[in-house]
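Residues per chain, in single letters:
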Amino acid sequence: MRIKINSIIGFFLLLIFPSVNSFAQKWALAIHSGAGNFTPKDLTPELEKQIRKKMEEALQKGKSILTNGGSSLDAVEEVIKILEDSPLFNAGKGAVFTHEGRNELDASVMDGKTLNAGAVAGVHDVKNPICAARAVMEKSEHVFLTGKGASAFAKEQNLEIVDSSYFYTKDRWDQLQKTLEKIKEKKKGTVGCVALDKFGNLAAGTSTGGMTNKKYGRIGDSPVIGAGTYANNKTCAVSCTGHGEYFIRNVIAYDVSALIEYSGKTLQAAADFVIQDKLTKLGGTGGLIAVDNKGNISFSFNTTGMFRGFFSSDGSTKVEFFK
Ligand code: ASP
């Protein structure tokens, strides 16, 4: 219904302002599913195929929402839901385990038009944390809810609640055991999406299980607005992945936007400066995806790999894993 109303409004706007047609019709979408120092050797051909297929499915979903006049927010939420529901990624089902052997999920979303934002952290029973983040943004007076309170709010909003065993996957359990035994693990898998819709509105979202073996209620950058996620129609939408502590300390996602707003950098120059220079100098690893209000898409990462993909209204699309 929301899509239909948007399409009708869009149609009339374009009749009234034909000169903005070409700009307003542009849309763009980018996704990531984690960055890390992995090489082709770390992925079996079968796993690579599965990840590619799921990322393509998510991109197709986003494309169909955006081409039908849906909002960038709807695209971000629906795309991330697909990735959360897949055990392949470190978000929703398939999230990593904490030191105590639990799953504690974080997610955030931001609307570039209104600068509204919503986030949840440390939830263990909400099937799709990204939906809870959006509900916080749209249905509460707050921006950031954690733990039990976030779950209680999600229940009140009739979001799907699951037993925490739903998030278990053997793969992630084994990953925790290896980490406890100090065997280096290269698997990542936080997911994120940024989108520009036909109406010039930007949105960004990020969802994660955090870092394997995290302790003491640790929260990373993914649910922190400005660190892991940021969107502003004036500039760009950004979603990050990597070692969260460094992304918080560098306020990475907002910094990309600020460089564009205050120093006039291009999207790619801003993204590269923040990741290749600032983050790298501080010793952090990871990357980001970004789209600006003109539909330019950028990726930047200082690891050997970042699972990433994009789709845009000029018909170009790609899913890539390595440098
Ligand atoms: N940034 C996430 C965190 O620190 C993890 C990741 O992106 O891999 O929680």
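Heads up: the structure comes first, above all this text.
So, here is what we can say about the structure in this document.

Next up on the list: the side chain of Asp125. Structurally, Asp125 is set in the loop between β3 (116–123) and α5 (129–139). Notably, Asp125 is buried but unbridged: the nearest opposite-charge side chain belongs to Lys155, and the N-O separation is 4.0 Å. Reaching out from Asp125, the side chain makes a polar contact with the side chain of Ser151 at a distance of 2.6 Å. Ignoring any residue separated from it by four or fewer positions in sequence, one finds Asp125 in contact with Ser151, Lys155, Glu160, Ile161, Val162 and Phe167.

Helix α4 (residues 72–85) packs onto helix α3 (residues 45–67) with a crossing angle of 160° between their chain directions and a minimal axis gap of 9 Å. Relative to α4, α3 is oriented roughly antiparallel. Along this stretch, α3 crosses α4, giving a crossing that reads as right-handed. On α4, the residues touching Lys54, Glu57, Ala58, Lys61, Gly62, Ile65 and Leu66 of α3 are Ser72, Asp74, Ala75, Glu78, Val79, Ile82 and Leu83. Split into classes, the residues belonging to the contact of α3 with α4 amount to 7 nonpolar, 2 polar and 5 charged.

For the pair helix α9 (residues 252–263) and helix α10 (residues 267–282), interaxial distance at closest approach is 9 Å and the crossing angle is 135°. One way to sum up the angle between α9 and α10 is to call them oblique. Both α9 and α10 take part in a crossing whose hand is right-handed. In this structure, α9 uses Ile252, Asp255, Val256, Leu259 and Ile260 to contact α10, whose residues at the interface are Leu267, Ala270, Ala271, Phe273, Val274, Ile275, Lys278 and Leu279.

With that out of the way, let us pick up the pattern of salt bridges. Tallying each qualifying case throughout the model produces 13 salt bridges. With a shortest N-O distance of 2.8 Å, Arg134 and Glu77 are connected by a salt bridge. With Arg134 in helix α5 and Glu77 in helix α4, this pair connects stretches of sequence that are 57 residues apart. For the pair Arg134 and Glu77, a shared accessibility class is recorded, and that class is buried.

Let us now look at the nonpolar core. Of all hydrophobic cores here, the largest spans 48 residues; its most connected members are Leu29 and Met55. Ignoring sequence-local partners within four residues, the contact set of Leu29 consists of Leu59, Gly62, Lys63, Leu66, Val79, Cys193, Val194, Ala195, Ile297, Gly309, Phe310 and Phe311. Counting 35 residues, the second-largest nonpolar core is a separate cluster that includes Ala204, Ala253, Leu259 and Val274.

Cut-offs and rules
Residues numbered from 1 in each chain as written. Predicted model: local features only at pLDDT ≥ 70, side-chain atom pairs only at ≥ 80, totals over all residues. Heavy atoms only, no water. Helix = DSSP H or I, 4+ residues; strand = E, 2+ residues; numbered from the N terminus. Buried < 20%, exposed > 50% of the residue type's maximum accessible area, 1.4 Å probe, protein only. Lys, Arg positive; Asp, Glu negative; His and termini not counted. Salt bridge = Lys/Arg side-chain N within 4 Å of Asp/Glu carboxyl O. Polar contact = N/O pair within 3.5 Å; in protein donor to acceptor, adjacent residues only side chain to side chain. Contact = heavy atoms within 4.5 Å. Axes fitted to C-alpha atoms, helices over the stretch in contact; angles between N-to-C directions. Parallel < 35°, antiparallel > 145°, perpendicular 65-115°, else oblique. Left-handed = near helix turned anticlockwise from the far one by under 90°. Nonpolar A, V, L, I, M, F, W, Y, C, P; charged D, E, K, R; others polar. Core = buried A, V, L, I, M, F, W, Y, C linked by side-chain atoms within 4.5 Å.

The values are spatial; any link to function lies outside them.
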